Amino acid sequence: MTQFLSLLLNGISLGALYALIALGFVIIFKSSEVVSFTHGSLLLLGAYSIARLSDSIGFLPAVVVGILITALAAFVIERLIINRLRGAAVISLAIVTIGVDIIILTELIRQIGSDILNVPHPWGGESFRVGSIGLSQNRLIAFVVAAVLIAAFFAAFKYSSWGIAMRASAEDGETAALMGIRQGRVSALAWVVAGVLAAVAALFLVGSPTPGVSPTAYAVALRAFPAAILGGLDSTGGALVGGLLIGIAEAMAAGYQDQLLFLGRGFSAVVPFIVMIAVLMFRPSGLFGTKELTRV
Amino acid sequence: MLSIDALHVTYGGAVQAVRGVSMEVPDGKVVAVLGSNGAGKTTLLRTISGTLRLHRGKVESGSVTFDGADLVSRDPAQAVRLGLVQVPEGRRIFGRLTVEENLRAGGMGNRDKAAKSKAQDRVYDMFPVLKERSSQRGALLSGGEQQMLAIGRALMASPKLLLLDEPSLGLAPRIIGQIGEVIAEINRQGTSVLLVEQNATMALGVADLAYVLDVGEVSLSGDARQLSQTDEVQRLYLGHDGGGEAGERRVRVPSGKKLSRWTA
Ligand SMILES: Nc1ncnc2c1ncn2[C@@H]1O[C@H](COP(=O)(O)OP(=O)(O)OP(=O)(O)O)[C@@H](O)[C@H]1O
Ligand SMILES: [Mg+2]
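Treat the numbers as computed from the prediction; the structure is a model and nothing was measured.

All right, on to the pairing of strand 10 (residues 217-223) of chain B then. Regular strands show a simple pattern: their side chains alternate between the two faces of the sheet. Residues and elements named next belong to chain B. Two strands pair when backbone bridges link them, and strand 9 (residues 209-214) and strand 10 are joined in this way by six bridges, in the antiparallel orientation. Residue tyrosine 211 lies in a different strand from strand 10, and its bridge partner there is serine 221. Between strand 9 and strand 10, which pair antiparallel and follow one another directly, the connecting turn spans two residues, one of which, valine 215, has a positive phi of 40 degrees.

Of the residues in chain A, 98% have a pLDDT of 70 or more, and the chain-wide mean is 88. Helix 3 (residues 59-82) of chain A holds the highest mean pLDDT among the elements of chain A, 96, whereas strand 1 (residues 127-130) of chain A holds the lowest, 76.

This paragraph deals with the site of ligand 1. Residue and element names in this part refer to chain B. As a structural note, the neighbourhood of ligand 1 is formed by 16 residues, with Asn37, Gly38, Lys41, Thr42 and Thr43 the closest of them. Take arginine 46: an N or O atom from its side chain is 3.3 Å from a nitrogen atom of ligand 1. Compared with its free state, where it exposes 630 Å², ligand 1 has 72% of that area covered by protein. Secondary-structure elements contributing two or more residues to the shell around ligand 1 are strand 2 (15-25) and helix 1 (41-49). No other element matches helix 1, which puts four residues into the shell around ligand 1.

Residues and elements named next belong to chain B. Taken together, Thr42 (OG1) and Glu89 (OE) make up the protein donors of the magnesium ion (ligand 2), found 1.9 to 2.1 Å from the metal. Taken together, the residues threonine 42 in helix 1 and glutamate 89 in the loop between strand 6 (84-87) and helix 3 (99-106) connect sequence positions 47 residues apart. Residue classification places threonine 42 among the buried positions, given a relative accessible area of 17%.

Another aspect to go through is the packing of aromatic side chains. All names here are of chain A. For the coordinates displayed, the defined rule picks out eight aromatic pairs over all chains. Ring plane angle 90 degrees and centroid distance 5.5 Å describe the contact between phenylalanine 153 and phenylalanine 154, whose orientation is recorded as edge-to-face. For phenylalanine 153, a relative accessible area of 6% translates into the label buried. For phenylalanine 154, a relative accessible area of 24% translates into the label partly exposed. Geometrically, the ring pair formed by phenylalanine 153 and tryptophan 162 is edge-to-face, given 6.4 Å between the ring centres and 75 degrees between the ring planes.

Close approach of charged atoms allows side chains with opposite charge to pair. Evaluated as defined, the whole model comprises 14 salt bridges over all chains. For the salt bridge of arginine 92 of chain B with aspartate 172 of chain A, the shortest nitrogen-to-oxygen distance reads 2.7 Å. Of this pair, arginine 92 of chain B sits in the loop between strand 6 and helix 3 while aspartate 172 of chain A sits in the loop between helix 6 (161-171) and helix 7 (173-178), placing the two residues on different chains. With relative accessibility at 13%, the residue aspartate 172 of chain A sits in the buried group.

Taken residue by residue, the interface counts 23 residues in chain A and 28 residues in chain B. Between chain A and chain B the total buried area reaches about 2,200 Å² when both faces are included, carbon and sulfur atoms providing 54% of it. Viewed at the interface, chain B and chain A are joined by five salt bridges. Inspection of the chain A/chain B interface yields eleven residue pairs in polar contact (both at pLDDT 80 or more). At the level of elements, helix 5 (137-159), helix 6 and helix 7 of chain A are the ones that each hand at least two residues to the side of chain A that touches chain B. With six residues, the top contributor of residues to the side of chain A that touches chain B is helix 6 of chain A.

Attention now moves to the sheet that holds strand 2 of chain B. Residue and element names in this part refer to chain B. Pairing in this open sheet of four strands is antiparallel, and the strands run 2-1-4-5 from one edge to the other. Unpaired on one side and paired on the other, strand 2 and strand 5 (69-70) mark the two borders of the sheet. Inspection of the sheet shows strand 1 (residues 2-11) paired to strand 2 by eight bridges, in the antiparallel sense. Within strand 2, the position partnered with leucine 7 by the bridge is valine 21.

Here is what the cut-offs are and how they apply
- Residues numbered from 1 in each chain as written.
- Chains lettered and ligands numbered in written order.
- Predicted model: local features only at pLDDT ≥ 70, side-chain atom pairs only at ≥ 80, totals over all residues.
- Heavy atoms only, no water.
- Pairing = 2+ DSSP bridges.
- Helix = DSSP H or I, 4+ residues; strand = E, 2+ residues; numbered from the N terminus.
- pLDDT = per-residue confidence, 0-100.
- Near = heavy atom within 4 Å.
- Polar contact = N/O pair within 3.5 Å; in protein donor to acceptor, adjacent residues only side chain to side chain.
- Areas by Shrake-Rupley, 256 points an atom, 1.4 Å probe, with all protein chains shown as cover.
- Donors = N, O, S within 2.8 Å, 3.2 Å for Na, K, Ca; no water.
- Buried < 20%, exposed > 50% of the residue type's maximum accessible area, 1.4 Å probe, protein only.
- Phe/Tyr/Trp six-rings, centres within 6.5 Å; stacked < 30°, edge-to-face > 60°.
- Salt bridge = Lys/Arg side-chain N within 4 Å of Asp/Glu carboxyl O.
- Contact = heavy atoms within 4.5 Å.
- Buried area = accessible area lost by both parts, 1.4 Å probe.

Below you can see the structure in the form of C-alpha cells.
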C-alpha cells in the first residue's frame with residue numbers, strides 16, 4: 001500500500017509536468033491548427049539554457065532567462081514559419097514542425113556535445129518523506145509550481161480576453177476575424193505560452209530523480225504527446241487529465257516492473273503510448289476532444 | 001459613407017462573383033441588397049469586411065472606400081477599427097462560448113473600454129433575453145435568439161456601418177418581423193446598415209435605398225419603396241407571379257454559365 005501511494009504521488013508529480021507540456025501542445029493546436037512536434041527540442045532548449053546560464057549568472061536568473069529564450073524560440077517559429085503557412089494542410093504543417101524540431105535538436109546536441117550538464121537545483125536531490133512514502137523534493141516543488149501554473153492557465157483561458165479570443169478563433173476563425181480578433185496574434189501568444197510551459201517543465205524534468213540535461217530529456221517530451229492526444233487534441237481539460245494519467249501509468253509501470261517483467265524491461269517507457277492507443281480505440285477523438293485529426 | 005465603384009471580384013481567378021458593381025451606403029441610411037442564391041451578395045460583404053482573402057477571393061478591379069479610406073487592402077481587424085462590422089450569414093455564433101463571452105468576443109476589436117461598456121448596456125437593453133441567458137452557452141439559444149446574439153455581438157464593436165448577411169435566414173415570419181424592427185431601431189440610434197436579404201418584404205420595409213443584384217451585376221436600384229412597386233421586384237422577390245409566398249426563399253439557377261455546362 002505504501003508503495004502504491006508513493007508511486008501514485010510520484011506519478012501525479014510527473015503527470016503534472018506532462019500536463020504542462022501537453023497544455024502547450026493543445027493551445028497551439030487550437031490556435032494555429034498545427035500539431036506541433038517542436039516541443040521536444042523546445043524542452044531541451046529550455047533545460048540547456050538554464051543549465052548553461054546557471055554557472056555564470058546564478059540559478060534563478062538562469063531560470064528566468066532560460067524560460068524567456070524558450071518562449072522567444074517558440075515565438076520565432078510561429079512568426080517565421082507557421083504564420084506564413086497558414087491554411088496549409090494539417091499534415092504538411094506537422095511535418096514542417098518535425099523538420100524544425102530536428103534542426104533545433106541537432107544544434108543542441110552539437111552544443112551539449114559530451115558534456116554532462118546539470119541544472120544546479122538549490123533544493124538538491126533530497127527526498128521528502130512522510131512515513132515510508134517518499135517523493136523527491138524536486139518533484140514536490142515541481143508539483144506545486146505546475147499546479148499553480150495550471151490553475152493560472154485555466155483561469156486565464158476562461159476569463160481573460162486572450163482566453164476568449166483564443167476559444168472564439170478556435171471555434172470559428174473567420175467569424176472571430178470579423179470581430180476584429182487577429183488570429184496571428186492569438187496564435188503567436190499561444191506559442192509563447194507553450195514555450196514558457198515547456199521550459200518550466202524542463203526545469204524540473206532534468207532534476208532528481210532523473211539525471212541531468214542530455215538528449216534523453218527529449219524523450220520525455222515525446223511522452224507528453226500521448227498525454228495531449230488521449231485527452232483530446234483540442235481540449236485543455238483533456239491535456240490535464242491525459243498528463244496525469246500518463247504520469248501515473250508510467251510511475252506505476254516503473255515501480256512494479258519486477259511484477260511486470262514478463263512484458264520486458266523498460267516497459268514503463270512505452271506505457272504512455274500503450275495507454276494512448278487503448279484510449280483511442282474506444283474514443284477516436286480522445287477523452288474530451290471534439291475533433292478528430294482527420295476531420296480538421 | 002461607403003462607396004463601391006465598378007467592383008470586380010473573382011474566386012480562384014476563375015469564378016466571377018461580382019462584376020462591375022457600384023453602390024453607395026450614405027451615412028445614417030439603411031440600404032438593402034436583394035438577390036437570389038449565388039448573386040454575389042456575400043462576396044460583396046466579404047470585400048468590405050476584408051475576409052475575401054480567407055476564401056481565396058480577389059478584387060480584380062474597382063474600389064471600395066469608407067469615409068475616404070480604401071478598404072480593398074485592409075484586413076478584417078482594420079475594417080472593424082474603421083467601424084465596419086459584419087454579421088455573417090447563418091449567424092455563426094460561438095456555440096461553445098457563453099452568451100456573455102460571445103458579446104465579449106464581439107468587443108475585441110473595440111479598444112475603448114467606456115465605449116464597450118456602453119455598447120454592452122445598449123445590447124442588453126435591446127435584447128433583454130440575452131441578459132437573462134448571459135451565462136448559457138450560445139449553442140443552447142433558439143435560432144431567433146442566436147440571430148439577436150449575432151447582431152448584439154456585432155454591436156459590441158460600436159460599428160458606424162453594420163453589415164447584415166441574410167439575418168432572416170431560416171427564421172419564422174414573426175421573428176423576421178422582430179429582426180426588421182431591430183434593424184430600424186439600430187439605424188434610429190445612428191448606425192448605417194447594409195442589409196443583404198432574400199426576404200424582400202422585410203428588407204424593403206426597413207430600407208431607404210435598395211439594389212437588386214443579379215448574377216454579380218446590379219440590375220435595379222433606387223428608392224426602396226419605389227423599387228418594391230416595380231414589376232421585376234414584384235415578380236422575383238415579392239412572389240406576385242402567382243406562385244410562391246411573399247418573402248419565401250427562392251432558389252433559382254445561379255448562372256446561365258452553369259446551365260450551359262450542364263446541358264453541354
Ligand atoms: N469561396 C468560394 N470559392 C469559389 N467560389 C465562390 C466562393 N464563395 C462564393 N463563390 C461563388 O461566387 C458566387 C457568388 O457567391 P455568394 O456567396 O457571394 O452569393 P450570395 O448572393 O451570397 O448567395 P446566397 O444567397 O446563396 O448566400 C457564386 O457563384 C458562388 O458559387
Ligand atoms: Mg450569401
